[in-house]
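Okay, here's what each chain looks like letter by letter:
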Amino acid sequence: MAGRGRPRGFDRAVALERAMRVFWERGYEAVSMTDLTSAMGINSPSLYAAFGSKEQLFREAVALYGATEGEPVARALAEGPTARAAVAGVLRVNAAAYSAPDRPSGCMIVLAATNCSRGHASVQEYLAGWRRDGADDLARRVARGIREGDVPPDADPDAVAAFYTAVVQGMSVQARDGASHAVLTRIAEGAMAAWDAVVGGAAPAS
């Protein structure tokens, strides 16, 4: 028999996934503790005991997003046979994910803390770091393409990554504004049509 006053247990993983979706949909500052406890099905003491604070919960939610929603993107980037195919795969995956009807639109890492008050600057910087890491992943894939001969040797990996990162972030904002999968796919196709100009010349056939 449980001791008196023992708190009711809850599934931490389920609670975290629910918090992730709330932050993803509404953004960090717009979400109250009441919103979180209601969505997670727990009370405030349980939330603080399990996650420490709202910011720590948010950081865990972002990490969960990266590990789950980000996995298809990472796979597309790693498995594309050429840098061009890899970047195209990233754009296609994001076009589908950002417009999926069963989840919040757009990208949590792009949208959840774009603007924050000074008191939450650390949250804004945390997501900015994730976005920089994403751009660095793209740059490394382009650099690999240079080594493997499917990207011109004089291409600037950081510049290419900056361009396609801007496309991805723009797709996320447009998805939040209601852009459909078809519209996002056309944006992705248009961005890939510019590949040769972006990398600085005609790439060898893959």
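Scroll up for the structure.
Anyway, here's the lowdown on the structure attached to this text. Here the structure is a predicted model, which is why all the values come from computation and not from measurement.

Here we take up the overall build of the protein chain. Assigned secondary structure in the protein chain consists of 11 helices and 0 strands. The helix and strand sequence of the protein chain, counted from the amino end, reads α-α-α-α-α-α-α-α-α-α-α. With 206 residues in all, the protein chain has 38% of them scored as buried. The long-range fraction of contacts in the protein chain, counting pairs at least 24 apart against all pairs at least 6 apart in sequence, stands at 66%. Here the protein chain displays about 10,600 Å² of accessible surface, and carbon together with sulfur accounts for 53% of that area.

Another point: the packing of aromatic side chains. One pass over the structure, following the stated rule, counts 7 aromatic pairs. Plain terms: the ring middles of tyrosine 126 and tryptophan 130 are 6.4 Å apart, the flat faces sit at 70° to each other, and that makes the pair edge-to-face. Residue tyrosine 126 and its partner tryptophan 130 are both found in helix 8 (residues 121-148); the two are separated by 4 residues, about one turn of the helix. Seen from their ring centres, tyrosine 164 and tryptophan 195 are 5.7 Å apart, and the 40° between their planes marks the pair as tilted. One end of the pair, tyrosine 164, is in helix 9 (residues 157-176); the other, tryptophan 195, is in helix 11 (residues 195-199), with 31 residues separating them in the sequence. Under the relative-accessibility criterion, tyrosine 164 is labelled buried at 1%. Judged by relative accessible area, which is 0%, tryptophan 195 ranks as buried.

Scoring rules and cut-offs
- Here the residue index of a chain counts from 1 through its sequence in written order.
- In keeping with the model being predicted, local features are shown solely for residues with a pLDDT of at least 70 and side-chain atom pairs are shown and tallied solely at 80 or more, while totals for entire chains, interfaces and linings include all residues.
- Derived side-chain values reflect all non-hydrogen atoms in the structure, with water molecules and hydrogen atoms excluded from consideration.
- Secondary structure elements follow DSSP: runs of H or I no shorter than four residues count as helices, runs of E no shorter than two count as strands, and numbering proceeds from the N terminus.
- Exposure categories follow from relative accessible area, calculated using a 1.4 Å probe and restricted to protein chains: below 20% of the type maximum is buried, above 50% is exposed, and the middle band is partly exposed.
- The contact criterion used throughout is that any non-hydrogen atoms of two residues lie within 4.5 Å.
- Note on areas: Shrake-Rupley with a 1.4 Å probe; residue coverage comes only from the protein chains shown.
- Centres within 6.5 Å are what make two rings of Phe, Tyr or Trp a pair, Trp counting through its six-membered ring; a difference in plane orientation under 30 degrees is then read as stacked, over 60 as edge-to-face, and the rest as tilted.

None of this, on its own, says anything about what the molecule does.
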